[in-house]
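Analysis of the macromolecular model
These are the residues of each chain, in order.
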Amino acid sequence: MTKPNLPPDLYGAPLGLETNLVHGGILRSQFAETSEALFLTQGYVYDSPEQAEARFKDESGGGFIYSRYANPTLAMFEERMKLLEGAEGARATASGMAAVTAALMCFLKAGDHVVAARALFGSCLYVVQDLLPRFGVTSTLIDGRDLDAWRKAMRPNTRACFFESPSNPCLDLVDIAAVSKIAHDGGALVVIDNVFATPVYQSPLKLGADVVVYSTTKHIDGQGRCLGGVVLGSDKYIKELHTFYKHTGVGMSPFNAWIMLKGLETLSLRVHAQCASTAKVADALAAMKNQGVTRVLYPGRPDHPQADLAKRQMTGGSTLVAFELAGGKAAAFKFLNALKIIKISNNLGDTKSLITHPATTTHQRLKPDDRAALGISDGLLRLSVGLETPADLITDVTEAVKAAVG
Ligand SMILES: *Cc1c(COP(=O)(O)O)cnc(C)c1O
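Residues numbered from 1 in each chain as written. Predicted model: local features only at pLDDT ≥ 70, side-chain atom pairs only at ≥ 80, totals over all residues. Heavy atoms only, no water.

Let us look at the overall build of the protein. Within the protein, the secondary structure is distributed over 16 helices and 12 strands. For the protein, the spread of C-alpha atoms along the three principal axes comes to 75 × 50 × 40 Å. Across the 406 residues that make up the protein, the buried fraction comes to 54%. In the protein, the share of contacts with a sequence separation of at least 24, taken over all contacts with a separation of at least 6, comes to 73%. Total accessible area on the protein is roughly 17300 Å²; 56% of this is exposed by carbon and sulfur atoms. (Helix = DSSP H or I, 4+ residues; strand = E, 2+ residues; numbered from the N terminus. Buried < 20%, exposed > 50% of the residue type's maximum accessible area, 1.4 Å probe, protein only. Contact = heavy atoms within 4.5 Å. Areas by Shrake-Rupley, 256 points an atom, 1.4 Å probe, with all protein chains shown as cover.)

With that out of the way, let us pick up the domain arrangement of the protein. Interface size is often expressed as the accessible area that is lost when the parts come together. Once the domains are mapped, the protein shows domain 1 (13-265) and domain 2 (268-405). One C-alpha centre belongs to domain 1, the other to domain 2; they are set 28 Å apart. The interface is formed by 39 residues belonging to domain 1 together with 35 residues belonging to domain 2. When domain 1 packs against domain 2, close to 3100 Å² is buried across both sides, 58% of that on carbon and sulfur atoms. For domain 1, the biggest contributors to the area lost against domain 2 are Leu171, Leu173 and Tyr201; these three give 25% of the whole. For the pair domain 1 and domain 2, the number of links is 2 salt bridges. Between Arg365 and Asp130 there is a salt bridge, with the nearest N and O atoms lying 4.0 Å from each other. At the boundary of domain 1 with domain 2, the tally comes to 16 residue pairs in polar contact (both at pLDDT 80 or more). Of all the elements in the fold, those that place two or more residues in the side of domain 1 that touches domain 2 are helix H1 (17-23), helix H5 (122-134) and helix H8 (198-201). Ranked by residues supplied to the side of domain 1 that touches domain 2, first place goes to H5 with 4 residues. (Domains from an automatic or database assignment. Buried area = accessible area lost by both parts, 1.4 Å probe. Salt bridge = Lys/Arg side-chain N within 4 Å of Asp/Glu carboxyl O. Polar contact = N/O pair within 3.5 Å; in protein donor to acceptor, adjacent residues only side chain to side chain.)

Near the ligand there are 13 residues, and of these Gly96, Asp193, Ser215, Thr217 and Lys218 occur at the shortest range. Within the side chain of Asp193, one N or O atom sits 2.6 Å away from a nitrogen atom of the ligand. One of the side-chain N or O atoms of Ser215 is found 2.8 Å from an oxygen atom in the ligand. Expressed as a share of its isolated accessible area of 380 Å², the protein-covered part of the ligand is 92%. Across the shell around the ligand, the residue classes break down as 5 nonpolar, 5 polar and 3 charged. (Near = heavy atom within 4 Å. Nonpolar A, V, L, I, M, F, W, Y, C, P; charged D, E, K, R; others polar.)

A sheet is described by the order of its strands in space; here 7 strands give the open sequence S1-S7-S6-S5-S4-S2-S3, paired in mixed fashion. One side of each edge strand has no neighbouring strand; the edge strands of this open sheet are strand S1 (89-93) and strand S3 (138-142). On average, adjacent strands in this sheet sit at an angle of 20° to one another, irrespective of strand direction. Across the sheet, helix H7 (residues 176-185) touches strand S4 (158-164) and strand S5 (189-193), and the angle it forms with S5 is around 150°. (Pairing = 2+ DSSP bridges. Axes fitted to C-alpha atoms, helices over the stretch in contact; angles between N-to-C directions.)

This part is about the side chain of Glu78. Within the secondary structure layout, Glu78 lies in helix H3 (residues 72-85). Other than its neighbours up to four places away in sequence, Glu78 contacts Ala90, Arg91, Ala92 and Tyr245.

The element S5 is largely enclosed, with a buried count of 4 among its 5 residues. One ladder, built from 5 bridges, connects S4 with S5; its direction is parallel. Along S5, the bridge assignment pairs Glu164 with Asp193. A crossover connection joins S4 to the parallel S5 through H7; in handedness this β-α-β unit is right-handed. Note: S5 against strand S6 (residues 211-215), 3 bridges, orientation parallel. Residue pairing in the sheet places Asp193 in a bridge with Val213 of S6. (Right-handed = clockwise from strand over helix to strand, strands pointing away.)

The next subject is the pattern of salt bridges. Across all of its chains, the model carries 21 salt bridges by this definition. Lys109 serves as the salt-bridge partner of Asp112, at 3.3 Å between the closest nitrogen and oxygen. Look at Asp112 and you get buried, because its relative accessible area is 4%. Look at Lys109 and you get partly exposed, because its relative accessible area is 48%. Overlapping salt bridges bring together Glu36, Arg80, Lys262 and Glu265 as one network.

Mapped onto the fold, Arg151 is located in helix H6 (residues 147-153). Separated by 34 residues in the primary sequence, Arg151 and Asp185 place their C-alpha atoms 9.9 Å from one another.

Right, let's talk about the pairing of S6 for a bit. With 5 of 5 residues buried, S6 is to be regarded as a mostly interior element. Of the two faces of S6, the one lined by Val211, Val213 and Ser215 and the one lined by Val212 and Tyr214 are each fully buried. Of the strand pairs in this sheet, S6 and strand S7 (residues 229-233) are connected by 4 bridges, and their pairing is antiparallel. In the strand pairing of S7, Ser215 is matched with Gly229.

Further remarks concern the packing of helix H14 (residues 328-338) against helix H16 (residues 390-405). In contact at an axis separation of 8 Å, H14 and H16 are set at 135° when each is read in the N-to-C sense. Classified by the interaxial angle, the pair formed by H14 and H16 is oblique. The element H14 and its partner H16 pack so that their crossing is right-handed. When H14 is examined against H16, the residues Ala331, Lys334, Phe335 and Ala338 are found in contact with a partner set consisting of Val397, Ala400, Val401, Ala403 and Ala404. (Parallel < 35°, antiparallel > 145°, perpendicular 65-115°, else oblique. Left-handed = near helix turned anticlockwise from the far one by under 90°.)

So, in structure tokens, the structure goes:
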């Protein structure tokens, strides 16, 4: 196999995002294929017992051992993600939840403590609230928007601060630089779930975070096909993760890694187009504020409660918008039943626009009081905007609002 075909500083300066998304990390085989090869292999053969011995002794010396440890198609995807994120290391996982679980469990041990923002993806909440405590890792959940709450929750044994920004489903933001400072002063690592911002609009490592996780199921595949995840961080951290990873088998399938590589090639185009449409749909919803829409939450709008922070740490809005209808669950369901183009689904980041009613789906498990504390009212809807013609989406939501409140 040849080396990655473009040195990262080809013309004396880092290559652009889109160039890396297309060329980054390619390992060409002896056939010199243009498109990345899909290596569906469990194992690798050695020229000699001496070579096998050497490879087991020092995995960093190049060459592969077993696809639970590493695989060339995954290696290409991981290298491309590293370039995109500016990370020293990356490991691709079977799903976003495998990424979150491995990212935390690879370094936490009994007696440690985690501070996490309460506004978390449902399964992340399970990991922090139910799973980690079974292994003696305690946690404190706080309002991630409140820096004093982060400061107060820190204990001498706090080893991780974990959050999403923007969060699901209300698109609240956490000040990444400020929380990183608080965490580091207390000797903790910052682990951030960057799914909603995407690597196109937010670079948490540059803001001070230590570890970034993605569900690549979302914008990185971007076309609703495969589950996947990735964890990115320093060489030192990824080494620790690698030990956990290779022995517990949380890795991504090579087939899915190949799909993700192809997804990355168009990531920037898709995310920019979807974000531009989301801004238009958000404006159309906001224009109906006295006609049935009570709240519009979009980080790209000046009326977002944390608009200044959005400007400081994000380079774009998001491909998601949350909004609330007057009339609670009945109005929300009427709205959903009236939609013709936008599909009802709890997934997001797809080329197809998808909408969900968090109170009865993704956040059904929460107690009503906890839902209220997160701003998830019965009239709240979360829309993931796809690649359809924006005017069609605006007509779809406008007609559905009329149907819901009429
Ligand atoms: C979807 C999602 C996950 C979980 O990812 P899977 O690929 O479904 O396991 C975690 N965090 C966020 C913010 C997500 O949107």
